[in-house]
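Understanding the architecture of this molecule
So the chains spell out like this:
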Amino acid sequence: MNLVKIAYKPFGIGLGMAAGAVSGAVFGQVWKRLGHDDDAPDATDEQRQWREILLAAALQGAIFAVVRAAVVRGGARTTKKLTGVWPD
């Protein structure tokens, strides 16, 4: 049982990294569809308003959290299905 949990750690890290890449792509598409520039504003972008910077940050954070939770949860469920052990 502990072996599965230990073996899952690198897999979980990989899932988290994949979730980051996917969420970045999803955010980019959502940002474009909202009618904004192709690139989201950086916090230090002098040409952007506070409102736009904070909106982009909140949207990006929400998308990242949802995608990461879905990917990591799916990985945990798959591990349980394959091994019979839920990884912590």
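Heads up: the structure comes first, above all this text.
Residues numbered from 1 in each chain as written. Predicted model: local features only at pLDDT ≥ 70, side-chain atom pairs only at ≥ 80, totals over all residues. Heavy atoms only, no water.

**Regarding the overall build of the chain**
Looking only at helices and strands, the chain features two helices and zero strands. Computed over C-alpha atoms, the radius of gyration of the chain comes to 17 Å, more than 25% over the 12 Å expected from 2.2 N^0.38 for 88 residues, which places it beyond the range of a compact globule. Expressed as lengths along the three principal axes of its C-alpha atoms, the size of the chain is roughly 55 × 25 × 15 Å. Burial status across the chain gives 23% buried among its 88 residues. In the chain, 58% of the contacts between residues at least 6 apart in sequence involve partners at least 24 apart. Total accessible area on the chain is roughly 6,400 Å²; 61% of this is exposed by carbon and sulfur atoms. Across the chain, 11 positive and 8 negative side-chain charges occur, with their mean positions spaced 22 Å apart. (Helix = DSSP H or I, 4+ residues; strand = E, 2+ residues; numbered from the N terminus. Rg over C-alpha atoms; globule rule 2.2 N^0.38 Å. Buried < 20%, exposed > 50% of the residue type's maximum accessible area, 1.4 Å probe, protein only. Contact = heavy atoms within 4.5 Å. Areas by Shrake-Rupley, 256 points an atom, 1.4 Å probe, with all protein chains shown as cover. Lys, Arg positive; Asp, Glu negative; His and termini not counted. Charge placed at Lys NZ, Arg CZ, Asp CG, Glu CD.)

**As for the nonpolar core**
Judged by nonpolar contacts, A19, F27, W31, A56, I63 and V67 together constitute the single largest core of six residues. If you list the elements that add at least two residues to this core, you get α1 (2–33) and α2 (50–83). Once you skip the residues sitting within four places of it in the chain, A56 turns out to touch F27, W31, A40 and P41. (Core = buried A, V, L, I, M, F, W, Y, C linked by side-chain atoms within 4.5 Å.)

**With respect to the pattern of salt bridges**
Tallied over the full model, the rule gives two salt bridges. The partner of R48 in a salt bridge is D45, with the nearest N and O atoms 3.4 Å apart. The class of R48 is buried, set by a relative accessible area of 17%. With relative accessibility at 26%, the residue D45 sits in the partly exposed group. In this structure, R48 engages E52 in a salt bridge whose closest nitrogen and oxygen atoms are separated by 3.2 Å. One network of salt bridges, with partners in common, ties together D45, R48 and E52. (Salt bridge = Lys/Arg side-chain N within 4 Å of Asp/Glu carboxyl O.)

**Details of the environment of A62**
By secondary structure assignment, the location of A62 is in helix α2. A62 gets classed as partly exposed once you look at its relative accessible area, which sits at 40%.

**Side note on the packing of aromatic side chains**
In the structure shown here, the tally under the stated rule is two aromatic pairs. For the pair Y8 and F11, a centre-to-centre distance of 5.7 Å together with 65° between the ring planes defines the contact as edge-to-face. Of the two residues, Y8 and F11 are both situated in helix α1; the distance of three residues between them amounts to about one turn of the helix. For the ring pair F27 and W31, a centre distance of 5.8 Å and an interplane angle of 35° mean the geometry is tilted. Here F27 and its partner W31 are both found in helix α1, four residues apart, which amounts to about one turn of the helix. Exposure remark for W31: the relative accessible area of 0% places this residue in the buried category. (Phe/Tyr/Trp six-rings, centres within 6.5 Å; stacked < 30°, edge-to-face > 60°.)

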